[in-house]
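# Breakdown of the fold
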Amino acid sequence: MLLQAHGDVSGARREFEQVLEIEPNDLPTLWNLALIHEKEGHIAKAEKVYLRLIREEYQVYAVAFRLGRLRLNRKNYLGATEAFERCLLERAGDATAEINLILAKREAKQPM
């Protein structure tokens, strides 16, 4: 974990993968691994882990928000819409999620 803080992202990834070999359901480790996948540009891997974390009900708002931003940046506006709507299920009225939902819907040309 310290490796990630010092910029050794690939070393941190290897450490997290080793932890998951022993404890495959360690959700904080999965969260960190998803962040590393995203940083390394392995977007499909990151998205897969984010979806698993949401299914496992792990920090749903934070994970769904991260997934929504990832999808929004990749121009997956329908996917971003779904993610931000999930954020709002967790925190109704959250202004940040609402703004991002409006952006995603506008780009997807969905009714707001």
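This text goes with the structure placed above it.
The notes below deal with the structure included here.

Cut-offs used in this document
- Residues numbered from 1 in each chain as written.
- Predicted model: local features only at pLDDT ≥ 70, side-chain atom pairs only at ≥ 80, totals over all residues.
- Heavy atoms only, no water.
- Helix = DSSP H or I, 4+ residues; strand = E, 2+ residues; numbered from the N terminus.
- Expected span 1.5 Å × (residues − 1).
- Buried < 20%, exposed > 50% of the residue type's maximum accessible area, 1.4 Å probe, protein only.
- Contact = heavy atoms within 4.5 Å.
- Salt bridge = Lys/Arg side-chain N within 4 Å of Asp/Glu carboxyl O.
- Phe/Tyr/Trp six-rings, centres within 6.5 Å; stacked < 30°, edge-to-face > 60°.
- Lys NZ or Arg CZ within 6 Å of the ring centre and 35° of its normal.

## A closer look at helix H6 (residues 77-90)
The end-to-end C-alpha distance of H6, which contains 14 residues, comes to 20 Å, matching closely the 20 Å that a straight helix rising 1.5 Å per residue would cover. Restricting attention to buried positions, one finds in H6 the residues Tyr77, Gly79, Ala80, Thr81, Ala83, Phe84, Cys87 and Leu88. Looking at the packing, one finds that the buried side of H6 touches helix H5 (60-73) and helix H7 (95-108).

## A word on unusual backbone geometry
The phi angle at Glu57 is positive, at roughly 65°, despite the residue not being glycine. Tracing the sequence through the fold places Glu57 in the loop between helix H4 (43-55) and H5. Phi at Gln59 is positive, roughly 40°, even though this residue is not glycine. Here Gln59 is to be found in the loop between H4 and H5.

## Some thoughts on the pattern of salt bridges
A side chain with one charge can pair with a side chain of the opposite charge if their charged atoms come near. Under the counting rule described, the total for this entry stands at seven salt bridges. In this structure, the salt-bridge partner of Glu85 is Lys105, at a minimum N-O distance of 3.8 Å. Residue Glu85 is located in helix H6, and its partner Lys105 is located in helix H7; the two are separated by 20 residues in the primary sequence. Across the pair Arg86 and Glu90 runs a salt bridge whose closest N-O atoms are separated by 3.7 Å. Taken together, the positions of Arg86 and Glu90, both in helix H6 and four residues apart, correspond to about one turn of that helix. With a relative accessible area of 22%, Arg86 lands in the partly exposed category. Since its relative accessible area comes to 38%, Glu90 is described here as partly exposed. Shared partners join several salt bridges into a network, and the residues in it are Arg13, Glu17 and Glu40.

## Quick look at H5
For H5, with 14 residues, the first-to-last C-alpha span of 20 Å sits near the 20 Å given by 1.5 Å per residue. Counting buried positions along H5 yields 10 of 14 residues, so the element is predominantly enclosed. Regarding H5, the residues found buried are Val60, Tyr61, Val63, Ala64, Phe65, Leu67, Gly68, Leu70, Arg71 and Leu72. Structurally, H5 contributes buried residues whose contacts are with helix H3 (27-39), H4, H6 and H7. Of the residues flanking the end of H5, it is Lys75, one or two places downstream, whose phi is positive at about 65°.

## Looking at the packing of aromatic side chains
This model, assessed by the stated rule, comprises three aromatic pairs. Seen from their ring centres, Trp31 and Tyr50 are 6.0 Å apart, and the 55° between their planes marks the pair as tilted. Placement of the pair is Trp31 in helix H3 and Tyr50 in helix H4, with a sequence separation of 19 residues. Take Trp31: its relative accessible area is 16%, and that puts it in the buried class. Pairing Tyr61 with Phe65 gives two aromatic rings, centres 6.0 Å apart and planes at 20°, and the pair type is stacked. In this pair, Tyr61 and Phe65 are both assigned in helix H5, four residues apart and thus about one turn of the helix distant. Across this residue pair, the class does not change: Tyr61 and Phe65 are buried. A connected cluster of aromatic rings, assembled from ring pairs, spans Tyr61, Phe65 and Phe84. Of note, Arg91 hangs over the ring of Tyr61, and the distance from its end group to the ring centre comes to 3.8 Å.

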